[in-house]
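Remarks on the overall topology
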Amino acid sequence: MKLFLKNYRFTLILLLSIIIGGAAGLVFGPKTAVVKPLGDLFLNLMFMIIVPLVFFSIASAIANMNGMKRLGKIMGSIVVVFLVTASIAAILGLAGASIIQPIQHADIASIKEVMNQASGETDAEKVTFLGQLVATFTVSDFNLLLSRSNMLQLIVFAVLFGISTAMVGEKAKPVTTFLSAATAVIMKMVSIVMYYAPIGLGCYFAAVIGELGPQILEGYARSFVLYLILTVIYYFGFFTLYAFIAGGKDGVKLFWKNAITPSVTALATCSSAACIPVNLATVRRMGVPKDIAETIIPLGANTHKDGSVFGGVLKIVFLFALFGKDLTSISNILSILAVAFLVGAVMGAIPGGGMIGEMLIISVYGFPPETLPIIAVISTIIDAPATLLNSTGNTVCAMLVTRLVEGKNWIKQALTNKGGEEIA
């Protein structure tokens, strides 16, 4: 119990503050707007950090991808596995959200009106498809990258910067070191600001519920049920499928024989980063080679989170429904899948790290800042099952990568090389 309270303390405090804020909103109604500035303070602090956070974390991760044996083949296999599994998660999440619609009975028109009044925003002028494509991924001047309104463009710049740094090699070592240090500093800033999150989100949620009333609360219950259903399907169904692809029947037995420890650790810590040592030990017992294990597990904890992809889809669909946006057009479906994948890649591997992904969502789609607390509630209620999928999923992905790098007989080879000692 002490370990549970220690690891879930922040999540429980955040959930309690949101419940208190929601209750205050229901009781006092529009009068709760008086505490809204306390929520604005939290939002502004987070938005101040989002631009350097996204740049340094992405550029640093890419710049540090060098100096490992069989780097090309290993990294290529990791990219393929991460892209395929995250895409499957995004498609499954979108299918589930279309069946169990989170905001099915909400008064969408009134909610949209309240949000637009709060933000002072209007519908954007329509542009051509090619023009939108150019504007989505590029800006006309460097200084425009320093705005959360151009988050995708910043990501493109960060990727190019990281690749260039890695390609320069030894001469760029000071830059690589700086990027790593800057990432650590920015993440520490996030953790400091998050101490204020219970007050900020509680106050903001009180104001939101005071304006919107209880009609949005049903949406949270439906979202949580939907997420639990997706978790069960993906954890037992797709993890088994991935293990079978990686090693046939022996792969399935091997995975489920070793899955309990990383799964329990993920639920107990609610942190993908905290699961790294356990996951490393687990995949080594499975027979995953050392260089593959030490590459995919740390990298996966920071850039591959299928549970967060589910959450990203759920949050985007939630906001699309609130604002009455079309969920049936091909372009919107593709954009939801792409942004959900990005959310899974940029979210922090720490308890409450979903806040980073939420800021990315509202920045990419241009939703008003006032929507951040609305989807932050979703992150809070799905934190534990999301970490389960995020962390344990990296162990079965390690098996898939080993299959691509070592061949279909990798399990037998591991048994032969280690005399069965590592396969337990």
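As a starting point, this report considers the structure included with it.

Rules and cut-offs
Residues numbered from 1 in each chain as written. Predicted model: local features only at pLDDT ≥ 70, side-chain atom pairs only at ≥ 80, totals over all residues. Heavy atoms only, no water. Helix = DSSP H or I, 4+ residues; strand = E, 2+ residues; numbered from the N terminus. Buried < 20%, exposed > 50% of the residue type's maximum accessible area, 1.4 Å probe, protein only. Contact = heavy atoms within 4.5 Å. Areas by Shrake-Rupley, 256 points an atom, 1.4 Å probe, with all protein chains shown as cover. Expected span 1.5 Å × (residues − 1). Bend = angle between axes of the 7 residues up to and from the residue. Patch = residues over 30% accessible without salt bridge, like charges linked within 9 Å, V, L, I, M, F, W, Y side chains within 5 Å. Salt bridge = Lys/Arg side-chain N within 4 Å of Asp/Glu carboxyl O. Phe/Tyr/Trp six-rings, centres within 6.5 Å; stacked < 30°, edge-to-face > 60°. Axes fitted to C-alpha atoms, helices over the stretch in contact; angles between N-to-C directions. Parallel < 35°, antiparallel > 145°, perpendicular 65-115°, else oblique. Left-handed = near helix turned anticlockwise from the far one by under 90°. Core = buried A, V, L, I, M, F, W, Y, C linked by side-chain atoms within 4.5 Å. Nonpolar A, V, L, I, M, F, W, Y, C, P; charged D, E, K, R; others polar.

**Some points on the overall build of the chain**
Counting its secondary structure elements, the chain contains 17 helices and 0 strands. Counting over 424 residues, the chain shows a buried share of 51%. When contacts within the chain are restricted to residue pairs at least 6 apart in sequence, long-range pairs at least 24 apart make up 82% of them. With the model as given, the accessible surface of the chain reaches about 19000 Å², and the carbon-plus-sulfur share is 69%.

**Section: helix α9 (residues 217-258)**
Within an α-helix, residues lying three or four positions from one another point in the same direction, as the helix has 3.6 residues per turn. In this model α9 runs just 39 Å from its N-terminal to its C-terminal C-alpha over 42 residues, more than 12% under the 62 Å that 1.5 Å per residue would give. The largest bend along α9 measures about 130° and falls at G247.

**A few points about a nonpolar patch on the surface**
On the surface, L26, V27, F28 and L217 cluster together into a nonpolar patch covering about 390 Å² of accessible area. Broken down by element, the residue count for the nonpolar patch peaks at 3 residues, all from helix α1 (residues 2-28). A residue is classified by how much of its surface remains accessible, and L217, at 32% relative accessible area, is partly exposed.

**Quick notes on the packing of aromatic side chains**
To describe a pair of aromatic rings, one takes the distance between the centres and the angle between the planes. This model, assessed by the stated rule, comprises 22 aromatic pairs. A ring pair is formed by Y234 and F310, whose centres lie 5.2 Å apart and whose planes are at 90°; its orientation type is edge-to-face. Of this pair, Y234 sits in helix α9 while F310 sits in helix α13 (residues 306-322), and the two are 76 residues apart along the sequence. Each residue in the set Y227, Y234, Y235, F236, F238, F239, Y242, F255, W256 and F310 is aromatic and connected to the rest through ring pairs, giving one cluster.

**A word on the pattern of salt bridges**
With the rule as written, the count across this model stands at 1 salt bridge. For K36, the salt bridge goes to D40, with nearest N and O atoms at 3.5 Å. Of this pair, K36 and D40 both sit in helix α2 (residues 36-63), separated by 4 residues, roughly a single helical turn. Look at K36 and you get partly exposed, because its relative accessible area is 23%.

**Digging into the side chain of T282**
For T282, the location among the structural elements is in helix α11 (residues 276-286). Once residues within four sequence positions are removed from consideration, T282 is found in contact with N258 and P262.

**Things to note about the packing of helix α12 (residues 290-303) against helix α16 (residues 372-406)**
Running from amino to carboxyl end, α12 crosses α16 at an angle of 140°, the nearest separation of the two axes being 10 Å. As judged from the angle between their axes, α12 and α16 are oblique. Where α12 crosses over α16, the two elements pack in a sense that is right-handed. Within the contact between the two elements, α12 uses I292, I296, I297, G300 and A301 and α16 uses N394, C397, A398, V401, T402 and V405.

**So, the environment of Q101**
With respect to the element layout, Q101 can be found in the loop between α3 (71-99) and α4 (108-119). Expressed as a C-alpha distance, the spacing of Q101 and F318, which sit 217 residues apart in the sequence, is 8.3 Å.

**Remarks on the nonpolar core**
Proteins that are soluble and globular tend to have nonpolar side chains buried together. Within the largest apolar cluster, 111 residues are counted, with the highest numbers of intra-cluster contacts made by F42, I296 and M399. Tallying contributions element by element places α16 first for this core, with 17 residues.

**Details of α2**
A rise of 1.5 Å per residue sets the reference length of α2, with its 28 residues, at 40 Å; its end C-alpha atoms lie 41 Å apart and thus fit the reference within 8%. At I50, α2 shows its maximal kink, close to 35°; a proline, P52, follows between one and four residues later.

**A closer look at the environment of N332**
Summarising the element assignment, N332 is placed in helix α14 (residues 330-346). Accessibility expressed as a relative area gives 21% for N332, which makes it partly exposed. In the structure, N332 is positioned 12 residues away from F320 in sequence and 9.9 Å away in space, judged by C-alpha atoms. Apart from the residues within four sequence positions on either side, N332 is in contact with F320 and D326.

**Some remarks on the environment of P298**
If you trace the backbone, P298 turns up in helix α12. C-alpha of P298 to C-alpha of P277: the two residues are 21 residues apart in sequence and 9.1 Å apart in space. In this view, P298 contacts I276 and A293; residues no more than four positions away in its chain are not counted.

**What about the side chain of T32?**
Looking at the element boundaries, T32 is found in the loop between α1 and α2. Setting aside its immediate chain neighbours within four residues, T32 contacts A24, G25, A206, A207 and G210.

**Quick notes on the packing of α2 against helix α7 (residues 173-193)**
What describes two packed helices is the angle between their axes and the distance between those same axes. Axis separation between α2 and α7 bottoms out at 8 Å; the angle between their running directions is 150°. With respect to their mutual orientation, α2 and α7 come out roughly antiparallel. α7 is crossed by α2, and the crossing has left-handed handedness. Mapping the contact onto sequence places F42, L45, M46, I49, P52, L53, F55, F56, S57, A59, S60 and A63 in α2 and T176, F178, L179, S180, A182, T183, I186, M187, M189, V190 and V193 in α7. Here the residues of the contact of α2 with α7 sort into 18 nonpolar, 5 polar and no charged.

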